[in-house]
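Chain by chain, the residues:
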There are 2 protein chains.
Amino acid sequence: MKDVWNALADPTRREILTRLQKQDMTAGEIVACFSVSGATISHHLKILREADLILAQKEKQTITYRLNTTVFQDFLKHIAEVFGNAQKEEIYHEAEQN
Amino acid sequence: MKDVWNALADPTRREILTRLQKQDMTAGEIVACFSVSGATISHHLKILREADLILAQKEKQTITYRLNTTVFQDFLKHIAEVFGNAQKEEIYHEAEQN
DNA sequence: TTTTTATTTAGATAATTATCTAAATACAGT
DNA sequence: ACTGTATTTAGATAATTATCTAAATAAAAA
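A brief report on the enclosed structure follows. Keep in mind that what you see is a predicted model, and the values were worked out from it rather than measured.

## Some points on the protein's contact with DNA strand C
Moving on, step 1. Surrounding DNA strand C, one finds 22 residues, the nearest of these being Thr26(A), Gly28(A), Ala39(A), Ser37(B) and Ala39(B).
Moving on, step 2. Residue assignment for the surface near DNA strand C shows that the elements contributing at least two residues are α3 (27-32), α4 (38-50) and β3 (62-67) of chain A together with α4 (38-50) of chain B.
Moving on, step 3. Tallying contributions element by element places α4(A) first for the surface near DNA strand C, with six residues.
Moving on, step 4. Classifying every residue of the surface near DNA strand C by side-chain character gives six nonpolar, 13 polar and three charged.

Spelled out as structure tokens, the structure:
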């Protein structure tokens, strides 16, 4: 879980995850969304991969990335346990309204 | 919310929050839980304060810290929105079982 | 087989940050 | 007023990390 916190600490990586939530993307497509080099994005993707937050699938020349949704579930459960005991019901209640 | 992610990125700060979830503590009591200097803990407390995750109350010589639970609620709601749309129901379901 | 395209890896640099010691602040007790 | 206790602030250092360019890998196209 330590790796997950670390992976989520960076805004670029969170943005990558937000975009992958909408659709799977190749490394090149992800690079095109940001104004940093491909090497930098590759580095971020590696950290996200090692945290198991994303999955890579090689296809011909390209590598398509997609969210590993089960790890999000685990993470949200985890922080709800660690930090949210008292607030659980309320949060679930609120979140279901949108 | 950027400040919150940042504050939660450090394991010492997460441990402080976990302990404050159980009971309010003075700065000195928090320092006693860790093997780093008081100045270092003070620095972490400042970051947690600036992220609004904790509240400080001065009493005589000591300063008692406590969780700002509403910010946790907001944060959990936030990440559920950003990352958890598809998984929401399932997570809430699971979390309510413990 | 040479070239082009997609991506990662290596190595370097600059920025951030966690930590330390020492000094400052504030307040209580003597 | 002094001494001791609790905490923060200042300034320095060391570790981490985000980023870059250049080189390496791999696979398709020519």
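On we go.
## So, unusual backbone geometry
All names here are of chain B.
Moving on, step 1. Of note, Asp 52 is a non-glycine position whose phi angle comes to about 65 degrees, a positive value.
Moving on, step 2. Examined against the element boundaries, Asp 52 turns out to sit in the loop between α4 and β2 (54-59).
Moving on, step 3. For Asp 52, a count of 15 C-beta atoms within 10 Å gives the class partly exposed.
Moving on, step 4. One non-glycine residue, Lys 60, lies in positive phi territory at about 50 degrees.

## Observations concerning the sheet that holds β3(A)
Residue and element names in this part refer to chain A.
Moving on, step 1. Sheet architecture is open: three strands sit in the order β1-β3-β2, paired in antiparallel fashion. At either margin of the open sheet sits one strand with a lone partner, and together these are β1 (25-26) and β2 (54-59).
Moving on, step 2. Bridge count for β1 against β3 is two bridges, and the pairing is antiparallel. In the strand pairing of β3, Thr 26 is matched with Thr 64.

Conventions adopted
Residues numbered from 1 in each chain as written. Chains lettered and ligands numbered in written order. Predicted model: local features only at pLDDT ≥ 70, side-chain atom pairs only at ≥ 80, totals over all residues. Near = placed C-beta within 6 Å. Helix = DSSP H or I, 4+ residues; strand = E, 2+ residues; numbered from the N terminus. Nonpolar A, V, L, I, M, F, W, Y, C, P; charged D, E, K, R; others polar. Buried ≥ 20, exposed ≤ 12 C-beta atoms within 10 Å, placed from the backbone. Pairing = 2+ DSSP bridges.

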